[in-house]
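# Survey of secondary and tertiary structure
Listed here are the chains, written in short residue letters.
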Amino acid sequence: MNAPADVSIRHRWRLDEIVAIHDSPLLELIGRANAVHRRFFDPNEVQKAALLSIKTGGCPEDCSYCPQSAHHREVKLDRVELMGVDEVVAVAKRAKAAGADRFCMGAAWRQAPEGAKFDAVLDMVRGVRALGMEACVTLGMLNESQAQRLAQAGLTAYNHNLDTGPDYYGEIVTTRRYQDRLATLAAVRRAGIEMCCGGIIGMGESVRDRAQMLQVLASFAPHPESVPINALVPVEGTPLAAREPLDPLELVRMIAATRIVMPSSRVRLSAGRSMLTREAQILCLAAGANSIFYGEKLLTAPNAGVNEDDALFAALAARSPFP
Ligand code: SAM
Ligand code: DTB
Ligand code: SF4
């Protein structure tokens, strides 16, 4: 859909502009975000993306939020090596039957491996695409050739999050630099793969850090096709386990600001939904989110239940005037 005159796609946002949007009166913020959302998307359409951990735990990075880091030895998590291709495609098939249109596969790697494991991931991508679903993977850092091979296998999107703003990044991860993330994202774009890139809130960062992350995301041209906004899931044994639960309205503000700054991107209400009431989730959708992770589990943490989600979608549907 073409951008109407009053909602232009911008790649250069000032930090104070984004902070001012984020901190504007809540009803005004939601109203503005909803108006932008409706210019670019059908407001009744919410994408269901299924998520599967294809390789779990034992990751050499030290991301302080992540239960899959080998640095956090107190986390109770069973490591599982790379799943078989047939097994993964069978899960995708079930997800499709349950109503998912996108299948996302996550692996706890610092960087995508070479050899048989990478070839197996390529087969998974081909298998998912053959089902008629969008395929997304997140495998850690990629080089140019790996990005090209994923593109040739038909990959729809690559998920690689910035997680937070550049100034706060060093508080959260020390085993890689922001620049490393940007290099992988550049390789993804050069290969012609859609970019799925967002972050996490509730890790102790300031509004300024959140706005900085949005500023970097919006600087990509084109904007990332999808932007997952995760609320921290505080997992026992990780350094962020004791973080105060996020006020759901913080998530509403962040989603609304994301929608306004990147009007035509799909904004995904990602991890943390199980901490939200049905009504808080509906506020997030009204504020511009138009995708969710659907299914009982995220990668390792519980997601909102499928029964709860069916109730959510039932509540969103039009009501018959003659019940
Ligand atoms: N290892 C790859 C990487 O880091 O790019 C892919 C898997 S990693 C688990 C994918 C994303 O999940 C992270 O970038 C982070 O944004 C999100 N994530 C991980 N643990 C989380 C948590 N406890 N709460 C919210 N989001 C989380
Ligand atoms: C994203 O932004 N969120 C998903 C997906 N991309 C791969 C992962 C959320 C992980 C939540 C913690 C867990 O399940 O281990
Ligand atoms: Fe590894 Fe990804 Fe978890 Fe970081 S977020 S520890 S890179 S699996």
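Remember, it's a predicted structure, so these values are computed and weren't measured experimentally.

The subject of this paragraph is the site of ligand 2. Residues in contact with ligand 2, as listed here, are Leu51, Pro67, Thr138, Asn159, Asn161, Pro228, Asn230, Phe293, Leu298, Leu299, Thr300 and Ala301. A distance of 2.9 Å separates an oxygen atom of ligand 2 from a polar backbone atom of Leu299. Interatomic distance of 2.6 Å between a side-chain N/O atom of Thr300 and an oxygen atom of ligand 2. For ligand 2, the accessible surface in isolation is 410 Å², of which the surrounding protein chains cover 88%. When its residues are assigned to classes, the shell around ligand 2 shows seven nonpolar, five polar and no charged.

Right, let's talk about the site of ligand 3 for a bit. Near ligand 3 you find Cys59, Glu61, Cys63, Tyr65, Cys66, Ser69, Ala108 and Arg176, and these make up its full shell. Among the detected pockets, ligand 3 sits in the largest cavity. The residue inventory of the shell around ligand 3, partitioned by class, reads five nonpolar, one polar and two charged.

Mapping Thr184 onto the fold places it in helix α7 (residues 178–190). Residue Thr184 is classed as buried on the basis of its relative accessible area, which comes to 2%. Sequence-distant contacts of Thr184, that is, excluding residues within four places in its chain, are made with Gly140, Met141, Leu142, Tyr158 and His160.

This paragraph deals with the side chain of Arg268. As for its placement among the helices and strands, Arg268 is situated in strand β8 (residues 266–269). One buried charged residue, Arg268, forms no salt bridge at all, with the nearest opposite charge on Glu134 at 6.2 Å. With residues up to four places along the chain from it excluded, the contact list for Arg268 reads Gln47, Ala49, Arg102, Cys196, Ser226, Val227, Pro228, Ile229, Ser291, Ile292 and Phe293.

Let us look at the nonpolar core. One finds Tyr65, Leu162, Leu217, Ile229, Leu251, Ile255 and Leu269 to be the most contacted residues of the largest nonpolar core, which totals 58 residues. Residue contributions to this core peak at eight residues, all from helix α9 (residues 248–261). Apart from the residues within four sequence positions on either side, Ile255 is in contact with Ile229, Val267, Leu269, Cys284, Ala287, Gly288 and Ala289.

Over its 13 residues, helix α8 (residues 207–219) extends 18 Å from the first C-alpha to the last, a length consistent with the 18 Å expected when each residue adds 1.5 Å. Those residues of α8 hidden inside the fold are in contact with α1 (15–22), α7, β6 (199–201), β7 (226–231) and α9.

We now examine the layout of surface pockets. Put simply, the largest pocket is a space of about 390 Å³. Elements with a minimum of two residues in the lining of the largest pocket: β1 (47–55) and α3 (85–97). Looking at the lining of the largest pocket, the element that brings in the most residues is β1, giving four residues.

With that out of the way, let us pick up the packing of aromatic side chains. Summed over all chains, the structure comprises one aromatic pair. With centroids separated by 5.0 Å and ring planes inclined at 75°, the aromatic side chains of Tyr169 and Tyr178 adopt a geometry described as edge-to-face. Of the residues examined, Tyr169 reaches a relative accessible area of 3% and is grouped as buried. Across the ring face of Phe313, the terminal group of Lys48 is positioned such that the distance to the ring centre comes to 4.4 Å.

In helix packing, the relevant descriptors are the interaxial angle and the interaxial distance, both defined with respect to the helix axes. Running from amino to carboxyl end, α8 crosses α9 at an angle of 25°, the nearest separation of the two axes being 10 Å. With respect to each other, α8 and α9 are oriented roughly parallel. By crossing handedness, the relation of α8 to α9 is classed as right-handed. Where α8 approaches α9, its residues Arg210, Met213, Leu214 and Ala218 are matched on the opposing element by Glu250, Met254, Ala257, Thr258 and Val261. Looking at side-chain class alone, the contact of α8 with α9 contains six nonpolar, one polar and two charged residues.

With that out of the way, let us pick up the pairing of β1. Counted residue by residue, β1 has nine buried out of nine residues, so it is predominantly covered. Across three bridges, the pairing between β1 and strand β9 (residues 291–293) is parallel. Residue pairing for β9: Ala49 is matched across the bridge by Phe293. Two elements, β1 and strand β2 (residues 102–107), share six bridges in a ladder whose sense is parallel. Following the sheet pairing, Ala50 is matched in β2 by Phe103.

What follows concerns the pattern of salt bridges. For the structure on display, the rule yields 17 salt bridges. With a closest N to O distance of 2.7 Å, Arg126 and Asp123 form a salt bridge. With Arg126 and Asp123 both in helix α4 (residues 116–130), this residue pair falls three residues apart, about one helical turn. When its relative accessible area of 41% is taken as the criterion, Arg126 is described as partly exposed. Look at the salt bridges and you will find they share partners, linking Glu61, Arg110, Asp163 and Arg176 into a network.

Cut-offs used in this document
- Residues numbered from 1 in each chain as written.
- Chains lettered and ligands numbered in written order.
- Predicted model: local features only at pLDDT ≥ 70, side-chain atom pairs only at ≥ 80, totals over all residues.
- Heavy atoms only, no water.
- Near = heavy atom within 4 Å.
- Polar contact = N/O pair within 3.5 Å; in protein donor to acceptor, adjacent residues only side chain to side chain.
- Areas by Shrake-Rupley, 256 points an atom, 1.4 Å probe, with all protein chains shown as cover.
- Nonpolar A, V, L, I, M, F, W, Y, C, P; charged D, E, K, R; others polar.
- 1 Å grid on protein atoms, 1.4 Å probe; cavity = no way out; pocket = protein on both sides within 12 Å on 5 of 7 lines; lining within 4 Å.
- Sits in = over half its atoms within 2 Å of the grid points.
- Helix = DSSP H or I, 4+ residues; strand = E, 2+ residues; numbered from the N terminus.
- Buried < 20%, exposed > 50% of the residue type's maximum accessible area, 1.4 Å probe, protein only.
- Contact = heavy atoms within 4.5 Å.
- Lys, Arg positive; Asp, Glu negative; His and termini not counted.
- Salt bridge = Lys/Arg side-chain N within 4 Å of Asp/Glu carboxyl O.
- Core = buried A, V, L, I, M, F, W, Y, C linked by side-chain atoms within 4.5 Å.
- Expected span 1.5 Å × (residues − 1).
- Points joined across faces, edges and corners; volume = space filled by probe spheres on them.
- Phe/Tyr/Trp six-rings, centres within 6.5 Å; stacked < 30°, edge-to-face > 60°.
- Lys NZ or Arg CZ within 6 Å of the ring centre and 35° of its normal.
- Axes fitted to C-alpha atoms, helices over the stretch in contact; angles between N-to-C directions.
- Parallel < 35°, antiparallel > 145°, perpendicular 65-115°, else oblique.
- Left-handed = near helix turned anticlockwise from the far one by under 90°.
- Pairing = 2+ DSSP bridges.

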